[in-house]
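Observations on chain architecture
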Amino acid sequence: MSALEKSTDPTDTLDSNDGQIENNDDTQQYLTFLMDGEEYGVDILSVQEIRSWEQATSIPNVPDYVKGVINLRGTIVPIIDLRTRFGIVQEEYSRITVVIVLKIKTSKGERITGIVVDAVSDVYSLATENMRSPPDVSSHVNTDFIKGLINVKEKMVILLDLDKLLDIEKIQTKIEE
Amino acid sequence: MSIDLSQFHQVFFEECFEGLDVMENGLLELDLDDIDSELINSVFRAAHSIKGGSGTFGFSSVADFTHVLETLLDDIRSEKRTMDKQGVDLFLLSVDCLRQLLHQLHAKEEPDLDQANQLKLKFEAILAIGLDGEVAEVNDVTDVNKDDKLEVHDGIGYWEIIFKPHPEIVQTGNEPSRLLKQLAVMGELDVEANIENLPDFTALDPELLFVKWTLKLRTKENKGAISEIFEWVVDDSDITITWIDESVIQETITENPKDTADNITSIKENSENKVTKKVSKPKASVESQSIRVATDKVDSLINMVGELVITQSMLGQLGKDFSMERVHRLQEGLIQLEHNTRELQESVMRIRMLPISFSFNRFPRLVRDLSHTLNKKIDLKLSGENTELDKTVMEKIGDPMVHMVRNSLDHGIETPDVRKAAGKNETGTLTLSAYHQGGNIIIEINDDGAGLNTQKIKEKAIEKGLIKESDNLDDDKINDLIFQPGFSTADVISDVSGRGVGMDVVRRNITELSGTVEVKSVPGEGSTFKIRLPLTLAILDGQLVRVGKEIYILPLVSIVESILVDEEFVNNVGGGFEVLRLREEYIPIIKLYDVFGVEPDSRKLTDGLLVVVEGENKKVGFIVDELMEQQQVVIKSLEANFQKVDGVSGATILGDGTVAMILDVPGLIQLSGIQLISNLKAGNNAA
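Along chain A, the regular secondary structure elements total three helices and 10 strands. In chain A, the succession of α and β elements from N to C terminus is β-β-β-β-β-α-β-β-β-β-β-α-α. By the burial criterion, 47% of the 177 residues in chain A qualify as buried. Partitioning the contacts of chain A with sequence separation of at least 6, the portion at a separation of at least 24 is 55%. About 9,600 Å² of surface is accessible on chain A, with carbon and sulfur atoms providing 48% of the total.

In structure tokens form, the structure reads like this:
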């Protein structure tokens with residue numbers, strides 16, 4: 001790619017014929033990560049940091065996808081395994097297993113939560129207008145936490161609604177129901 | 001230059017509330033037969049600073065009201081008037097009223113002035129009667145200004161203001177040029193400075209002011225608005241404000257005092273309208289909780305930080321050219337560092353500590369009012385008011401204490417005739433005391449009333465199905481039942497209706513603070529409620545225990561003993577759980593690995609250790625694999641980023657940086673109880 005074609009945004013190095021377009025007011029940057037071959041995206045502004053996996057202290061009597069809590073420079077941060085959360089087969093944590101530390105807004109103010117994913121993929125600038133809403137599937141699959149689907153490089157990226165995904169109280173009541 | 005005063009609002013309100021507390025306490029302490037002038041003075045000073053402050057911040061509704069109070073107090077102070085019981089009542093009412101006004105202003109609401117106006121009229125009525133001479137004079141000064149405020153001139157002309165500040169005016173922090181700027185905002189201002197008094201430059205004292213001004217102001221504003229600008233310098237200067245009509249007729253304002261109450265109130269309404277306008281402006285200021293710290297605490301903190309810096313530089317130097325011979329110096333340095341850190345931690349904790357008098361101080365008033373309504377004679381005694389307690393704990397203990405004090409007054413202490421018949425002093429005594437015991441603070445609420453009616457409590461408990469008739473309980477256990485949910489003390493001891501809050505709420509609140517509450521009662525001699533609270537909520541002495549791979553922390557205070565289990569003394573009760581016979585007691589055994597679902601080293605009771613703990617007067621034993629070290633841990637909230645977890649009161653960070661859960665003993669007992677029941681159910685279903 002020649003220098004002329006380069007966009008101002010270093011992350012935006014591809015043709016803008018699919019979901020990904022040049023950075024303007026209507027675009028949002030998403031950090032994407034891989035899990036079981038699928039690519040998921042979260043709003044980059046809610047990402048606080050990316051860490052390698054470290055052993056967490058387990059919390060008694062919580063759903064199995066809550067791996068426990070870690071000490072993040074003096075703050076106690078819960079770690080949630082997204083594989084287990086999505087019901088994907090658990091894999092051994094490896095060297096490239098990462099924890100994305102997210103700052104999410106909930107009904108009770110800001111919370112910091114870490115999610116365990118297979119690997120971090122990329123950062124895209126995506127236009128919200130190109131986003132498709134998730135298909136209505138059967139009622140027993142909860143798609144509340146999916147913000148939408150979008151095409152990037154002929155691949156589908158699933159954009160997640162973190163506030164819904166990680167609002168622990170809501171998760172819990174859902175389970176109880 | 002304009003200063004945004006709103007940044008000081010928080011401090012102002014805090015000071016006002018403190019001032020109100022001072023006033024209230026002063027009034028309550030006042031002995032009407034022998035009035036202590038120092039007390040009156042302190043009340044007066046508090047009222048004065050509230051007035052001054054509220055004036056500065058533009059809360060003139062408060063300032064006006066306090067002014068009337070202050071005038072009357074000033075008369076009492078200078079012994080022109082006497083204070084009587086009604087007077088004290090009236091003052092107390094106005095303290096309440098002011099508090100309400102300030103709360104409303106603090107919350108940026110429209111202040112409700114009905115009560116204030118009513119009280120003000122009462123005060124004015126008192127001021128109006130008697131003592132025509134001096135008192136009238138006091139009124140003059142204020143009333144004159146108020147009368148004049150009405151004066152508005154629509155015709156052609158201007159205000160001539162002759163402003164002669166006393167030379168010392170600048171020393172009091174007033175800046176005349178600022179006043180002139182304010183005037184200039186009101187209209188067209190013509191300033192003429194008179195510098196005839198100005199001394200030679202060599203003789204000039206820069207801290208004195210020698211300039212006089214003649215100002216010509218063309219404005220639509222009335223005289224009141226002009227004199228308001230000079231309000232703060234009126235004592236330090238000579239000011240005359242004259243209307244110069246340009247049709248050459250000169251009108252001088254005559255200073256004739258008129259005492260018409262109508263005028264006064266209408267003026268006040270004017271100024272109040274102004275205030276409400278100011279208040280209604282929404283200001284998105286973030287309220288932050290603040291804390292007042294004694295200077296010596298801050299000083300010691302600074303000293304300690306100083307030492308820390310020295311230790312750091314010492315270690316730094318050591319690290320620059322380190323060799324193995326100097327390893328002992330390194331160790332010394334590290335020990336010193338540990339010392340410094342611990343001391344620093346302790347002093348930081350001390351900053352959060354406040355004397356419990358902050359909480360006790362509300363009781364004299366409460367007791368006074370309540371004994372009045374209940375027609376009882378009650379003496380309140382306070383002791384150990386200087387005992388220090390964590391601010392958060394103090395805030396949370398306030399309501400439960402009020403509840404218990406009310407209970408003691410209402411149900412505990414008898415009416416004077418009953419007391420007389422029982423051969424007791426007619427006046428009952430309520431004692432509030434606070435003291436340290438071990439790592440705890442103890443608050444005792446003691447009354448010399450009738451004590452709890454144990455028999456009635458027992459009947460009630462049986463009626464409610466809390467205990468069985470066959471249960472053999474001693475008196476203390478029965479009395480403890482009043483802390484059970486749904487057990488209204490009002491039903492038990494008197495017919496006075498309950499207030500919707502039971503003692504179970506009291507106990508729950510105290511338990512939330514990891515404290516305990518118990519009651520001791522001797523029939524006919526009174527009852528004592530004993531609240532035991534941790535000194536602080538932020539740090540805890542912990543015992544590290546290991547279950548399998550997990551490390552948990554048990555609060556050291558809850559541990560009674562740790563023993564090796566002898567199989568011989570273990571009995572299986574009803575298949576559900578096991579108890580250990582320990583001396584004369586049967587102690588239920590809770591297997592932490594079952595409750596928390598972790599894999600222990602061994603499931604054999606004899607392989608582990610039994611830690612006997614006490615929570616809410618219940619003793620239980622936890623089976624753990626290993627007792628590890630004891631250490632102080634800093635409590636971190638799990639709820640901040642997660643949620644409350646049953647059986648866990650928080651988390652902490654251990655020396656190696658990992659997180660460990662702090663166990664909540666009462667919660668665990670409850671949790672294991674629930675699990676036992678569900679286990680039993682499961683067993684039944686299977687059968």
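On to the overall build of chain B, then. Helices and strands together make up the secondary structure of chain B, namely 21 helices and 23 strands. Sorting the 687 residues of chain B into buried and exposed places 43% on the buried side. A fraction of 71% describes how many contacts in chain B between residues 6 or more apart in sequence connect residues 24 or more apart. Element-wise, carbon and sulfur atoms account for 51% of the exposed surface of chain B, whose accessible area totals about 36,400 Å².

Packed helices, taken two at a time, are described by the angle their axes make and the gap between the axes. Residue and element names in this part refer to chain B. Close contact between helix α4 (residues 85-106) and helix α5 (residues 114-128) brings their axes to 10 Å; oriented N to C, the two are set at 145°. Like other packed secondary-structure pairs, α4 and α5 cross with a definite hand, here left-handed. Two secondary-structure elements touch here, α4 through L90, F91, L93, S94, C97, Q100 and L101 and α5 through Q115, A116, L119, K122, F123 and I126. Tallied by class, the residues present in the contact of α4 with α5 amount to nine nonpolar, three polar and one charged.

What follows concerns the sheet that holds strand β3 (residues 47-52) of chain A. Residue and element names in this part refer to chain A. Judged by pairing direction, the sheet is mixed, and its five strands sit side by side in the order β3-β6-β7-β5-β4 without closing on themselves. Looking at strand neighbours, the two that pair on one side only are β3 and β4 (66-72), the edges of this open sheet. On average, adjacent strands in this sheet sit at an angle of 30° to one another, irrespective of strand direction. Here three bridges tie strand β5 (residues 75-81) to strand β7 (residues 109-117), and the two strands are oriented parallel to one another. Note that in β7 the partner of I80 across the bridge is I115.

Residue and element names in this part refer to chain B. Enumeration over the complete set of coordinates arrives at eight aromatic pairs over all chains. Taking 5.1 Å as the distance between ring centres and 55° as the angle between the ring planes, the aromatic pair formed by F12 and F13 counts as tilted. Seen from their ring centres, F483 and F529 are 6.3 Å apart, and the 90° between their planes marks the pair as edge-to-face. Of this pair, F483 sits in the loop between α17 (475-480) and α18 (489-493) while F529 sits in strand β12 (residues 526-534), and the two are 46 residues apart along the sequence. Put simply, the rings of F12, F13 and F59 touch in pairs and so form one group of aromatic residues.

Residue and element names in this part refer to chain B. Together, E29, D31, D33, D34 and D36 give the surface a local cluster of negative charge. With respect to the helices and strands, D34 occurs in the loop between α1 (9-29) and α2 (37-56). Using a relative accessible area of 57% as the deciding quantity, one classes D34 as exposed.

Moving on, we come to the pattern of salt bridges. Where charged atoms of side chains with opposite charge meet at close range, the side chains can pair. Residues and elements named next belong to chain B. Following the criterion strictly, the structure yields 34 salt bridges over all chains and no others. Ionic pairing is found between D448 and R419, a salt bridge with its closest N-O pair at 3.0 Å. On the criterion of sequence distance, the pair formed by D448 in the loop between β10 (440-447) and α16 (454-464) and R419 in helix α15 (residues 416-421) is long-range, its members being 29 residues apart. D448 sits in the partly exposed class, given a relative accessible area of 22%. Residue R546 pairs with E626 through a salt bridge whose shortest N-O separation is 2.8 Å. With R546 in strand β13 (residues 539-547) and E626 in strand β21 (residues 626-634), the pair connects residues that are 80 residues apart, well separated along the chain. Judged by its relative accessible area of 33%, E626 falls in the partly exposed class.

This paragraph deals with the packing of α1(B) against α4(B). All names here are of chain B. In contact at an axis separation of 10 Å, α1 and α4 are set at 165° when each is read in the N-to-C sense. Classified by the angle between their axes, α1 and α4 sit roughly antiparallel to one another. When you trace α1 past α4, the crossing you get is left-handed. Taking contact as the criterion, the partners of Q10, F12, F13, C16, F17, L20, D21, M23, E24, L27 and L28 in α1 are, on α4, V88, F91, L92, V95, D96, L98, R99, L102, H103, L105 and H106.

Turning to the nonpolar core, a few remarks are in order. With 68 residues, the main nonpolar core has A:F33, A:L160, B:L554, B:F596 and B:F622 as its most contacted residues. Discounting chain neighbours no more than four positions away, the residues touching B:F622 are B:L554, B:I590, B:L592, B:L609, B:L610, B:V611, B:V613, B:V665 and B:L668. Formed by 41 residues, the second largest nonpolar core is a distinct cluster that contains B:F17, B:A46, B:M83 and B:L105.

If you look at the interface, chain A gives 21 residues, while chain B gives 21 residues. Summing the contributions of chain A and of chain B, the shared interface buries around 1,800 Å²; its carbon and sulfur component is 58%. Taken together, the links from chain A to chain B amount to zero salt bridges. Where chain A meets chain B, there are eight residue pairs in polar contact (both at pLDDT 80 or more). Those elements giving two or more residues to the side of chain A that touches chain B turn out to be β4, β5, β7 and α3 (168-176) of chain A. Looking at side-chain class alone, the side of chain A that touches chain B contains 11 nonpolar, eight polar and two charged residues.

Further remarks concern the sheet that holds strand β2 (residues 38-43) of chain A. Residue and element names in this part refer to chain A. In spatial order, the strands read β8-β1-β2-β10-β9; together these five strands make up an open sheet with mixed pairing. Two strands lie at the open edges of the sheet, namely β8 (119-127) and β9 (146-152), each paired on one side alone. Averaged over all pairs of adjacent strands, the angle between strand axes in this sheet comes to 35°, irrespective of strand direction. Pairing geometry for strand β1 (residues 27-35) and β8, over eight bridges, is antiparallel. If you follow Q29 over to β8, its bridge partner there is S125.

The subject of this paragraph is a nonpolar patch on the surface. Residue and element names in this part refer to chain B. Taken together, the side chains of I195, L198, F201 and L204 present a nonpolar region at the surface, about 420 Å² in accessible area. When you line up the elements, I195 lands in the loop between β2 (188-194) and β3 (212-218). The class of I195 is exposed, set by a relative accessible area of 51%.

Reading the values: rules and limits
Residues numbered from 1 in each chain as written. Chains lettered and ligands numbered in written order. Predicted model: local features only at pLDDT ≥ 70, side-chain atom pairs only at ≥ 80, totals over all residues. Heavy atoms only, no water. Helix = DSSP H or I, 4+ residues; strand = E, 2+ residues; numbered from the N terminus. Buried < 20%, exposed > 50% of the residue type's maximum accessible area, 1.4 Å probe, protein only. Contact = heavy atoms within 4.5 Å. Areas by Shrake-Rupley, 256 points an atom, 1.4 Å probe, with all protein chains shown as cover. Axes fitted to C-alpha atoms, helices over the stretch in contact; angles between N-to-C directions. Left-handed = near helix turned anticlockwise from the far one by under 90°. Nonpolar A, V, L, I, M, F, W, Y, C, P; charged D, E, K, R; others polar. Pairing = 2+ DSSP bridges. Phe/Tyr/Trp six-rings, centres within 6.5 Å; stacked < 30°, edge-to-face > 60°. Patch = residues over 30% accessible without salt bridge, like charges linked within 9 Å, V, L, I, M, F, W, Y side chains within 5 Å. Salt bridge = Lys/Arg side-chain N within 4 Å of Asp/Glu carboxyl O. Lys, Arg positive; Asp, Glu negative; His and termini not counted. Charge placed at Lys NZ, Arg CZ, Asp CG, Glu CD. Parallel < 35°, antiparallel > 145°, perpendicular 65-115°, else oblique. Core = buried A, V, L, I, M, F, W, Y, C linked by side-chain atoms within 4.5 Å. Buried area = accessible area lost by both parts, 1.4 Å probe. Polar contact = N/O pair within 3.5 Å; in protein donor to acceptor, adjacent residues only side chain to side chain.

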